[in-house]
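# Residue-level structure breakdown
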Amino acid sequence: MTERFTGSFTQQEPIPEEGIEAALAVLRSGRLHRYNVAPGEVGEVALLEREFAVQMDAKYCLAVASGGYALATALRAVGVAPGEPVLTNAFTLAPVPGAIASVGAVPVFVGVSEALTIDLEDLAAKAGRAKVLMLSHMRGHICDMDALMQIARTHGLTVIEDCAHTMGASWNGVKSGRHGAVGCYSTQTYKHVNSGEGGLLVTDDEEIAARAVILSGSYMLYDRHLAAPDREVFERVKYDTPNISGRMDHLRAAILRPQLRDLDAQVRRWNDRYRVIEEGLRGTPGLTVIERPVAEHFVGSSFQFLLLDWPAEKVQAVVARCADRGVELKWFGAPEPHGFTSRYDSWRYAPSAPMPATDRVLAGILDMRVPLTFSLNDCALIARIIRAEVSAVHQVA
Ligand SMILES: *Cc1c(COP(=O)(O)O)cnc(C)c1O
């Protein structure tokens, strides 16, 4: 009998009951806007920001409308000007170069290594061309952050971290998002906590924090924030910081607070699933497992492997055969963007020179989501299916 997987790769868990209760209380109050609070009341958004700042060991936190909005706000708050080059990963998703383009800046792509992290040699070579690096921890793979920050210090680069896939992760004990000047997170449905849409930004820099708050649309109500700098910092920046509304509302914050309290437990559950898939695929001929460094405490909310130097038709055959058995793999080597998957050379608003070493890696990357609705048995089955199909295609001369 040929085994098939029948689960859904896009089905997340329900919102915890505590979040549903808190959301209903917000709905019953009618006060959904973050600055709409009764006398003496502290809103859900302000509470969320205070709690997330503590959780991330950060001085300041701002909750916003999306992860992409957090990234664009970070760029504005650190002072990126229109036309300015901003370094970023060639291996990432569209909201990252999109955030750079949204402020009129120009993405400059840095290559990807076989570990699926930013190529530090390429970064060092290009570092002199920009003042800011928007570092995407794409699919949760964290580069040697000590080495990266050394390059950043040498070249005076300000680092903004895109932690859409690393909320809850860390490198050498430092939480992801806390190496650079600003860390940005997404709370969109497919990330590590789910409010439909939403984003969070953390920083220890008081001026970046004050600008971000005003940018997000605080008017002059910034004293209702619990994880923002003192009033005098706002006095310094308020006249020259525009309002570009992108606030979070109380409903989303209410849903998020209990999920964030559970984050570490969820990370363990993701990693249990990740390890089952990893074990199941290890030793498959032709397939490269991405070895995770010991310094990297990652979140296995998705799984990648490489079919390095395989001809395109064979990779496509693996994708098709796995799909026939219910296993959805995304391929980063496809010439045209599909679904969530696109490549640096499909973002034509950001001109790029060919990057052969990066193209070789991208052409071999297969990617799959691992939602927590999958059981460990589901993960073992998925690994058996991939192993069988990769082996079958690999054997054909
Ligand atoms: C999802 C995502 C974002 C942006 O998140 P949104 O909340 O959808 O705007 C940024 N970077 C990466 C790599 C992502 O996958």
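Residues numbered from 1 in each chain as written. Predicted model: local features only at pLDDT ≥ 70, side-chain atom pairs only at ≥ 80, totals over all residues. Heavy atoms only, no water.

With that out of the way, let us pick up the UniProt feature "active site" (unreviewed entry) in the protein. Here, UniProt's "active site" (unreviewed entry) annotation points to Lys191. On the accessibility criterion, lysine 191 (17% relative accessible area) is buried. (UniProt positions renumbered as here; feature names shortened; annotations may be inferred. Buried < 20%, exposed > 50% of the residue type's maximum accessible area, 1.4 Å probe, protein only.)

In this section: the packing of helix α11 (residues 312-324) against helix α13 (residues 376-395). Between α11 and α13, the least distance of the axes is 9 Å, while the angle of their chain directions is 145°. Handedness of the α11/α13 crossing: right-handed. Mapping the contact onto sequence places Lys314, Ala317, Val318, Arg321 and Cys322 in α11 and Ile386, Glu389, Val390, Ala392, Val393 and His394 in α13. Classifying every residue of the contact of α11 with α13 by side-chain character gives seven nonpolar, one polar and three charged. (Axes fitted to C-alpha atoms, helices over the stretch in contact; angles between N-to-C directions. Helix = DSSP H or I, 4+ residues; strand = E, 2+ residues; numbered from the N terminus. Left-handed = near helix turned anticlockwise from the far one by under 90°. Contact = heavy atoms within 4.5 Å. Nonpolar A, V, L, I, M, F, W, Y, C, P; charged D, E, K, R; others polar.)

So, on to the packing of aromatic side chains. Under the definition given, this model contains ten aromatic pairs. An angle of 75° between the planes, with centres 5.6 Å apart, marks the rings of phenylalanine 5 and phenylalanine 9 as edge-to-face. The class of phenylalanine 5 is buried, set by a relative accessible area of 3%. Among the residues examined, phenylalanine 9 registers a relative accessible area of 2% and is labelled buried. (Phe/Tyr/Trp six-rings, centres within 6.5 Å; stacked < 30°, edge-to-face > 60°.)

We now examine the site of the ligand. Near the ligand you find 15 residues, and of these Gly68, His165, Ser186, Gln188 and Lys191 are the closest. A distance of 2.7 Å separates an oxygen atom of the ligand from a polar side-chain atom of serine 186. Side-chain polar atom of glutamine 188 to an oxygen atom of the ligand: 2.7 Å apart, as the coordinates give it. Relative to its unbound accessible surface of 380 Å², the ligand loses 91% to contact with the protein. Where the shell around the ligand is concerned, the elements lending two or more residues are α3 (67-77) and α4 (95-102). Per-class residue counts for the shell around the ligand are four nonpolar, nine polar and two charged. (Near = heavy atom within 4 Å. Polar contact = N/O pair within 3.5 Å; in protein donor to acceptor, adjacent residues only side chain to side chain. Areas by Shrake-Rupley, 256 points an atom, 1.4 Å probe, with all protein chains shown as cover.)

Our focus in this paragraph is the UniProt feature "modified residue: N6-(pyridoxal phosphate)lysine" (unreviewed entry) in the protein. As annotated in UniProt, the feature "modified residue: N6-(pyridoxal phosphate)lysine" (unreviewed entry) corresponds to Lys191 in the numbering used here. Mapped onto the secondary structure, lysine 191 falls in the loop between β8 (182-186) and β9 (199-203). Those residues within four positions of lysine 191 in sequence are excluded, and the remaining contacts are Ala164, His165, Ser186 and Trp270.

The next point concerns the domain arrangement of the protein. Each assigned domain of the protein is listed with its residue range as follows: domain 1 (17-259) and domain 2 (263-395). With 36 residues of domain 1 in contact, the opposing surface of domain 2 contributes 32 residues. Where domain 1 packs against domain 2, one counts two salt bridges. Notably, a salt bridge pairs arginine 139 with aspartate 367, separated by 2.9 Å at the nearest N-O pair. Scanning the region where domain 1 abuts domain 2 turns up eleven residue pairs in polar contact (both at pLDDT 80 or more). The residue makeup of the side of domain 1 that touches domain 2, split by class, is 19 nonpolar, twelve polar and five charged. (Domains from an automatic or database assignment. Salt bridge = Lys/Arg side-chain N within 4 Å of Asp/Glu carboxyl O.)

A large share of helix α7 (residues 206-215) lies buried, amounting to seven of its ten residues. Of the positions making up α7, those classed as buried are Ile208, Ala209, Ala210, Ala212, Val213, Ile214 and Leu215. Against β1 (60-64), α3, β8, β9 and α8 (231-237) lie the buried residues of α7. The backbone nitrogen of glutamate 207 has a side-chain oxygen 2.9 Å away, supplied by the residue at the start of α7, namely aspartate 205. A positive backbone phi angle near 105° is found at glycine 217, which sits one or two residues after α7.

This brings us to unusual backbone geometry. Within the chain, aspartate 57 stands out as a residue other than glycine whose phi angle is a positive 55°. With respect to the helices and strands, the residue aspartate 57 is situated in the loop between α2 (44-55) and β1. In this model, leucine 116 sits at a positive phi of 70°, which is unusual for a non-glycine residue. As for its placement among the helices and strands, leucine 116 is situated in the loop between β3 (106-110) and α5 (120-126). The buried category is assigned to leucine 116, whose relative accessible area is 3%.

Our next topic: the sheet that holds strand β12 (residues 302-306). One open sheet holds the four strands; their spatial order is β10-β12-β14-β13, and the pairing between them is antiparallel. Looking at the sheet topology across the chains shown, the edges are occupied by β10 (288-289) and β13 (330-331). Set on the sheet, helix α10 (residues 263-281) makes contact with β10, β12 and β14 (365-369); between it and β12 the angle comes to about 20°. (Pairing = 2+ DSSP bridges.)

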